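Report on the structure
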2 protein chains.
Amino acid sequence: MKAPLNPEWRIYARSASDDKAPIQALFTAIDALKAAKIPIGVNLKVFFEGEEEAGSPHLAQVFRENDDLLKGDVWILSDGPVNQTRRQQLYFGARGVTDLELTVYGPGRVLHDGHYGNWAPNPAAVLVDLLAHMRDANSHILIRGFYDDVRALTADEKQAIAQSPEVDAQLKQELGLAWTESAGSVLPLAITQPALNIRGIESGHVEEKAQNAISSTAKASIDFRLVPNQTPEHVHELVEKFITQQGFYIVRQTPDVEIRRQHARVIKVSWGPGYKAARTAMNDPAVRPVIQAMEQTLGTSVIKMPLLGGSVPMYLFTDVLKTPVVGLPIVNHDNNQHGANENLRLQNLWDGIEIFAGILAGAEKNWK
Amino acid sequence: MKAPLNPEWRIYARSASDDKAPIQALFTAIDALKAAKIPIGVNLKVFFEGEEEAGSPHLAQVFRENDDLLKGDVWILSDGPVNQTRRQQLYFGARGVTDLELTVYGPGRVLHDGHYGNWAPNPAAVLVDLLAHMRDANSHILIRGFYDDVRALTADEKQAIAQSPEVDAQLKQELGLAWTESAGSVLPLAITQPALNIRGIESGHVEEKAQNAISSTAKASIDFRLVPNQTPEHVHELVEKFITQQGFYIVRQTPDVEIRRQHARVIKVSWGPGYKAARTAMNDPAVRPVIQAMEQTLGTSVIKMPLLGGSVPMYLFTDVLKTPVVGLPIVNHDNNQHGANENLRLQNLWDGIEIFAGILAGAEKNWK
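Parameters at a glance
- Residues numbered from 1 in each chain as written.
- Chains lettered and ligands numbered in written order.
- Predicted model: local features only at pLDDT ≥ 70, side-chain atom pairs only at ≥ 80, totals over all residues.
- Heavy atoms only, no water.
- Least-squares fit on C-alpha atoms with pLDDT ≥ 70 in both.
- Contact = heavy atoms within 4.5 Å.
- Phe/Tyr/Trp six-rings, centres within 6.5 Å; stacked < 30°, edge-to-face > 60°.
- Helix = DSSP H or I, 4+ residues; strand = E, 2+ residues; numbered from the N terminus.
- Buried < 20%, exposed > 50% of the residue type's maximum accessible area, 1.4 Å probe, protein only.
- Lys NZ or Arg CZ within 6 Å of the ring centre and 35° of its normal.
- Buried area = accessible area lost by both parts, 1.4 Å probe.
- Salt bridge = Lys/Arg side-chain N within 4 Å of Asp/Glu carboxyl O.
- Polar contact = N/O pair within 3.5 Å; in protein donor to acceptor, adjacent residues only side chain to side chain.
- Nonpolar A, V, L, I, M, F, W, Y, C, P; charged D, E, K, R; others polar.
- Pairing = 2+ DSSP bridges.
- Axes fitted to C-alpha atoms, helices over the stretch in contact; angles between N-to-C directions.
- Patch = residues over 30% accessible without salt bridge, like charges linked within 9 Å, V, L, I, M, F, W, Y side chains within 5 Å.
- Areas by Shrake-Rupley, 256 points an atom, 1.4 Å probe, with all protein chains shown as cover.
- Expected span 1.5 Å × (residues − 1).
- Parallel < 35°, antiparallel > 145°, perpendicular 65-115°, else oblique.
- Left-handed = near helix turned anticlockwise from the far one by under 90°.

**Let's talk about the relation of the copies chain B and chain A**
When chain B is fitted to chain A, the residual RMSD is 0.1 Å, and the transformation amounts to a turn of 180 degrees plus an axial shift of 0.0 Å. In symmetry terms, the pair is related by a two-fold rotation axis. Same-surface contact between copies: 100% of interface residues of chain B are shared with the interface of chain A.

What follows is the structure, given as structure tokens:
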């Protein structure tokens, strides 16, 4: 007889968690129901999106063209992690996202920073100054009008956050943090606000590669996480207006020397694809059977979160298909998603199979 | 008969300008004087420093131990470029330098910036905020007390700057710049002030390598250019006091998780070797024969500059040997010194040979 698998073991593999795990869990659940001769108690439609990590540029079109096929009572989207406490959660929306690449230009060739330092504009200093004006150290975005579109939380959402388990202390311990940049807000509350993340910044060289030089360019990569009711289009407009007001001249292509001679603080701005946040009302009746099936399967209550911090294109379900959508993640939070050593904790896979089976069989637990 | 070499041709080679050119020019000048049977009219001492690019860590000791051997009326140091107008110049001092590496710490592992953005401290944002508080966009250093030690320019120095040729317009054209960060000061005046140069900044990734992630660290490499009478020691003290006042906890080694749990805004600060600026009085009588020989050789006046923007350890000559020192550069300003494609313009080499020969022969031009 084989020894049982330790449920704390992890499977390390590219995409082990994101997003192979829920796909595998769903199929295993269907196989298990079949093997146990338990009928599937719902009309099941399965939809796979292979371009989610690239911003789902074709999903809207596919939805529009297959609108009738894809309608339903509720869509369940299985991306993101379970709660940091390891408890199961449902999320009723997700932050949207829009990202941009910035390049600031200094002298046309790399200069000796002794001979030209504090005369030739240092592009790293110019970029640093722009970024520091865009957000403060507590993550508050200083771009004029940025919060104007942000919808206030509903009473349901506030209550859900208040009832969510406290995870900050554990996470700070785990991550070696003495503070958070959320000005005192706990994580579930913080992620209901928009974020300006500096994903990368690059100019010249540091440490053993450092040179006494003024670089020709400085680059930053940013993403904005959006919340209801912000739109990427309006955010682009506000950000570009802000950059212009900071004295920059915006270009879309690498500027030639003539443009650089004519304009101080030339900046190249390139937006990636993006999409807005989505929300399903926390009291939407279509979601109730899902909650019921999960709670009966698990024998415990699930955590309800207004928003997932990360972005998944849920708005296409609500806006194009006019169908409520909830997120039902099954993977562990410490899965190094998108990073090196991505992994899946076995117990999360077992739980995921059971939850999917419970939902598919209906709320009657007749399959156990 | 061979065609003459075009004086605008350039020799491309590592160190072609810095600092092989003056060494070769000096030896060629001596050979030429010998061949023409023109006696050397001065007592010549030659000193080669092979560690200049590494901050000359042993030069002070060598000077102290060989103090008697190295004394003289005046030392001529041949580093840096001629004026941007291509005219010959002498400089009576050089900015000092001290450099530091900064590392700011975020979460202990790279995090998904959707799930944790505006909660987990983003080290790039923290670093950007610190740097933006250190200097403004016009290169003014905002560190309290930074300018207290800066000696005002003498009347001689002011006059020399006023008489120096205008180079800003040409340089801005050449470098594709519509502005300078010197708040209106021309280059020769700007470099009489201290500089805070961001040599490099690095966190996460940009452009096609960008990831939706909060990095674990953000790094910056900085050098400060110092002017008389600043010292590296006092600058270190002021900078660290400033960093601490900005809410940082300074460490010297990579902090462990316990230190990161205990202190918000942990920063690693590492200073490299540095040295102070030096000056020789512009009316020092020992320098007069050098000027005279140069001007007789060239048949035109030379530009006198109070300070070279770049750093050479001239202070060891003035402070340890108690001997006046001037800088006599011979190489072209657009030589890509320290960068790719370093080069030497042939005419600069020819001029350098003639100038050295003129100085060695004395001011009599009897060798032409």
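From this point, the narrative continues.
**Some points on the packing of aromatic side chains**
One pass over the full model with this rule turns up 18 aromatic pairs over all chains. Ring centres 5.0 Å apart and planes at 70 degrees place the aromatic pair B:F63 and B:F317 in the edge-to-face group. Within this pair, whereas B:F63 is found in helix α2 (residues 59-65), its partner B:F317 is found in helix α12 (residues 315-319), the two being separated by 254 residues in sequence. Accessibility assignment for this pair places B:F63 and B:F317 in one class, buried. Taken together through their ring pairs, the aromatic side chains of A:F47, A:F63, A:W75 and A:F317 make up a single cluster. Positioned above the aromatic ring of B:W179 is the side chain of A:R265, whose terminal nitrogen or guanidinium carbon lies 3.9 Å from the ring centre.

**Looking at the interface of chain B and chain A**
The interface is formed by 90 residues belonging to chain B together with 90 residues belonging to chain A. The junction of chain B with chain A conceals about 7700 Å² of combined surface from both sides, 54% of it contributed by carbon and sulfur atoms. Ranking the residues of chain B by area buried against chain A places B:H115, B:N118 and B:W119 at the top, with a combined share of 12%. Along the contact surface separating chain B from chain A lie six salt bridges. Its salt-bridge partner being B:K219, residue A:E207 comes within 3.2 Å of it at the nearest N-O pair. Across the chain B-chain A interface, the total number found is 44 residue pairs in polar contact (both at pLDDT 80 or more). Here the side of chain B that touches chain A takes nine residues from strand β7 (residues 195-204) of chain B, the largest share from any one element. Here the residues of the side of chain B that touches chain A are counted per class, giving 34 nonpolar, 36 polar and 20 charged. Pairing geometry for strand β7 (residues 195-204) of chain A and β7(B), over five bridges, is antiparallel. Looking across to β7(B), one finds that A:I201 is bridged to B:S203.

**Overview of the sheet that holds strand β5 (residues 96-105) of chain A**
The sheet built from 10 strands is open, its strands ordered β10(A)-β11(A)-β5(A)-β9(A)-β7(A)-β7(B)-β9(B)-β5(B)-β11(B)-β10(B) with mixed pairing. The open sheet terminates on both sides in strands that have one partner only, identified here as β10 (249-251) of chain A together with β10 (249-251) of chain B. Within this sheet the neighbouring strands show an average axis-to-axis angle of 30 degrees, counted without direction. Sheet analysis places strand β5 (residues 96-105) of chain B next to strand β11 (residues 266-271) of chain B, joined by five bridges and oriented antiparallel.

**With respect to a nonpolar patch on the surface**
Residue and element names in this part refer to chain A. A grouping of I23, F27, I40, V42, L44, V46 and F48 is seen on the molecular surface, where their side chains present a nonpolar patch of about 540 Å² in accessible area. Its place among the elements puts I23 in helix α1 (residues 16-35). Take I23: its relative accessible area is 32%, and that puts it in the partly exposed class.

**Description of helix α5 (residues 123-134) of chain A**
Every α-helical turn comprises 3.6 residues, leaving residues that sit three or four positions apart pointing alike. All names here are of chain A. For α5, built from 12 residues, the straight-helix expectation of 16 Å at 1.5 Å per residue is met to within 8% by its first-to-last C-alpha distance of 17 Å. In terms of burial, α5 is largely enclosed, as 11 of its 12 residues are buried. Restricting attention to buried positions, one finds in α5 the residues P123, A124, A125, V126, L127, V128, D129, L130, L131, A132 and M134.

**What about the pattern of salt bridges?**
This model, assessed by the stated rule, comprises 36 salt bridges over all chains. A:D113 is the partner of B:R225 in a salt bridge, and the nearest nitrogen-oxygen pair spans 2.6 Å. Note that B:R225 is positioned in strand β9 (residues 217-226) and A:D113 in helix α4 (residues 113-116), a pairing that runs across two chains. Each member of the pair, B:R225 together with A:D113, is buried.

**Describing the packing of α5(A) against helix α5 (residues 123-134) of chain B**
Each packed pair of helices is defined by two parameters, the angle between the axes and the distance between the axes. Remark: α5(A) packs on α5(B), axes separated minimally by 8 Å, with the N-to-C direction vectors making an angle of 115 degrees. By the angle between their axes, α5(A) is roughly perpendicular relative to α5(B). Handedness of the crossing formed by α5(A) with α5(B): left-handed. Judged by residue contacts, A:V128, A:D129, A:L131 and A:A132 of α5(A) engage B:V128, B:D129, B:L131 and B:A132 from α5(B). Among the residues forming the contact of α5(A) with α5(B), the class breakdown is six nonpolar, no polar and two charged.

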